[in-house]
Structures are given as structure tokens and as C-alpha cells.
Amino acid sequence: MAEAVYIQIADDLREQIVAGRLGPGDDIPTEAELAALWRTSRGPIRNALSALRGEGLIETTRGRPARVVARKADQAVDTSVPFTRWARELGVTPGARTQQMGLRRAGTQKAAALGIDENDMVVTVTRLRMLDERPTMLERLCYIEQVGKLLLDVDTDAVSITEFLTSQGHPIVQLQHEIDAVAADAEDAELLRVPIGSPILRLSRISRGPDGRIFEASEDRYLSDVVRFTVAASGISNDGHYMRAVG
């Protein structure tokens, strides 16, 4: 009986959260209030709150009521999904504000990433990406000249760069991702609206075309309280190691 009660309580609170009657930052009624409302002891209440906490819907802090948290958007890193399409699949509106675009010499770091000479020209783009107008990710893109020059006459605020380049004969056939955490620099802080030094999730990407050559070396910096990265794996091999990710 107690189990049925806590499931009912969890279902009711979950429905209120999903429907928006309890939004991010709102307090959940206290254990005493919920116990009185449901005419039960605090045991089922705590079990219900524990279930919602496990689902990532609420957070609990000693000395204060449980609180609804903003749900994070999942971003799979074992597949290549353009930000624009990913956002729409989440049911939110994507946005972009281009901060910089230019043609310049590669220099040591970008040349090494792209596998070109330091004096070769590259096109760099810096864009702020948003979900429902909320700053979410700052992308720093770098392309070899042949590919990047296609962007110079395009409104990069209005298109998915990945989808545009695919339509121009430059699809991503193979990519390599590297994920780590970095401290927000001055540009991150200004555009993502966080204090300098805040933790940022960095997704570095190397993209290859049909000919096997690298044409893009980019770095995306995500707000860690908005996005989380997920990886799907095909299982565990006979020697105990995780097998490759599957898309």
C-alpha cells in the first residue's frame, strides 16, 4: 500500500512539473504539507521525492524544501547532429548570433589541427548558439580555405552551417570528438553570461570529408547547467572492455 501511495505522489508531482505548473526554481511543497495533503506518513513522501530526484527533476538541500531544476538537454557525442536539428528535435527554437568571421593565416595551432601548412589560409567563425533565446553554446569553427570560403556570402545566423556545407558537397563522413571541462574565459563569460572561471563543457571536433581529408577543426563550449553529453555503446566485449559507440 505504501508503495502505491508514493508512486501516486511521484506521478502527481511529475505531472505538475511537466505541465509547467511547477517550473524551474519553484519549491515543492514541504514533506509536512505533502503528508497532510495525501493523508500519509513522511515515508512515502520521501520515497516519491527520491524518485523525482533520481529522474533529475528536483534537487534537495538540507534545511530547505525540494526545488524543481531546469532539465538539461542531452547531446549525443557518438553521432553528428547539427545544433539546429538537435534543438528542433528537443522541441525548442534554435538561434545563432555570429560574432566573428574572417579569412586569415592558419598559424601553428590551427595548422596542426587541420593538417595544413602554417601559412595556408583558413576561415574562422565564432557563433553564439541559443535555445529559446537562452545562451547555450559558443562555437569557434575553423575551416580549410576551400570549404570555409563558401560561408563568406551566407547569413550564418539563419542557416545550419553543417547542413549548408553538406548541400555544397562537403558532408561530414567521419568525425572525432574530445570532451573536457575548462574555465570560462573573458569571451565565454560575456557571451554565455557567466562569471569568468565558471566550468564550461568543451567539445572539440575534427571533421573529415568523403576524401578522408580534414576540413574542419572546431571547438564548442557548452553551459554545463544546460547541456549534458551522452554516449551509447554496443556492449562489453569478451575481454571486459566497452565496445565502440554506436550511432
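First, a word on what this report is: a plain description of the structure on this page. (Residues numbered from 1 in each chain as written. Predicted model: local features only at pLDDT ≥ 70, side-chain atom pairs only at ≥ 80, totals over all residues. Heavy atoms only, no water.)

**Some details on the sheet that holds strand S5 (residues 121-131)**
Read from one edge to the other, the open sheet built from six strands follows the order S4-S5-S6-S9-S8-S7, with strand pairing classed as antiparallel. Each of the sheet's edge strands pairs with one partner strand only, and the pair in question is strand S4 (94-105) and strand S7 (174-183). Averaged over all pairs of adjacent strands, the angle between their axes in this sheet comes to 15°, without regard to strand direction. In this sheet, strand S6 (residues 134-144) lies alongside S5 in antiparallel orientation, the contact comprising 10 bridges. Within S6, the residue paired with Arg 127 across the bridge is Glu 139. Against the sheet, helix H4 (residues 83-90) contacts S4, S5 and S6, and its axis sits at roughly 10° relative to S5. Sheet strands touched by helix H5 (residues 107-114): S4, S5, S6, strand S8 (199-208) and strand S9 (214-223). Its angle to S9, the strand with the most contacts, is close to 110°. (Pairing = 2+ DSSP bridges. Helix = DSSP H or I, 4+ residues; strand = E, 2+ residues; numbered from the N terminus. Axes fitted to C-alpha atoms, helices over the stretch in contact; angles between N-to-C directions. Contact = heavy atoms within 4.5 Å.)

**Some thoughts on the packing of helix H2 (residues 31-38) against helix H3 (residues 42-54)**
When two helices pack together, you describe them by how their axes are tilted relative to each other and by the distance separating the axes. At a minimum axis distance of 9 Å, the contact between H2 and H3 shows a crossing angle of 115°. What the angle tells us is that H2 and H3 run roughly perpendicular. In terms of crossing hand, the pair formed by H2 and H3 is right-handed. Packed against H2, whose contacting residues are Glu 31, Ala 32, Leu 34 and Ala 35, the element H3 presents Arg 42, Ile 45, Arg 46 and Leu 49 at the interface. (Parallel < 35°, antiparallel > 145°, perpendicular 65-115°, else oblique. Left-handed = near helix turned anticlockwise from the far one by under 90°.)

**Here's the deal with the pairing of S8**
Counting buried residues along S8, seven of its 10 residues qualify, which places the element largely inside the surrounding structure. The pairing of S7 with S8 spans 10 bridges and is classified as antiparallel. Opposite Ile 179, over in S8, you have Leu 203 as the bridge partner. Joining the antiparallel neighbours S8 and S9 is a turn of five residues, in which Gly 212 adopts a positive phi near 85°. (Buried < 20%, exposed > 50% of the residue type's maximum accessible area, 1.4 Å probe, protein only.)

**Quick look at the nonpolar core**
In terms of nonpolar packing, the biggest core is built from 19 residues, with Leu 114, Tyr 143, Val 147, Leu 151, Ile 161 and Leu 165 touching the most fellow members. Contributing elements (two or more residues each) for this core: H5, S5, S6, helix H7 (161-167) and S9. A per-element tally of this core places S6 first, with four residues. Other than its neighbours up to four places away in sequence, Val 147 contacts Leu 165, His 170 and Phe 215. (Core = buried A, V, L, I, M, F, W, Y, C linked by side-chain atoms within 4.5 Å.)

**Considering the environment of Arg 208**
Tracing the sequence through the fold places Arg 208 in strand S8. Judged by its relative accessible area of 30%, Arg 208 is partly exposed. Counting along the chain gives 35 residues from Arg 208 to Val 173, while the straight-line C-alpha distance between them is 5.9 Å.

**Section: the pattern of salt bridges**
One pass over the full model with this rule turns up 20 salt bridges. In this structure, Arg 21 and Glu 15 form a salt bridge, with 2.2 Å as the shortest nitrogen-oxygen distance. The residue Arg 221 makes a salt bridge to Asp 185 at a minimum N-O spacing of 3.8 Å. Of this pair, Arg 221 sits in strand S9 while Asp 185 sits in the loop between S7 and helix H8 (186-192), placing them 36 residues apart in sequence. Residue classification places Arg 221 among the buried residues on the basis of a relative accessible area of 10%. Taking the relative accessible area as the measure of exposure, Asp 185 reaches 29% and is therefore partly exposed. (Salt bridge = Lys/Arg side-chain N within 4 Å of Asp/Glu carboxyl O.)

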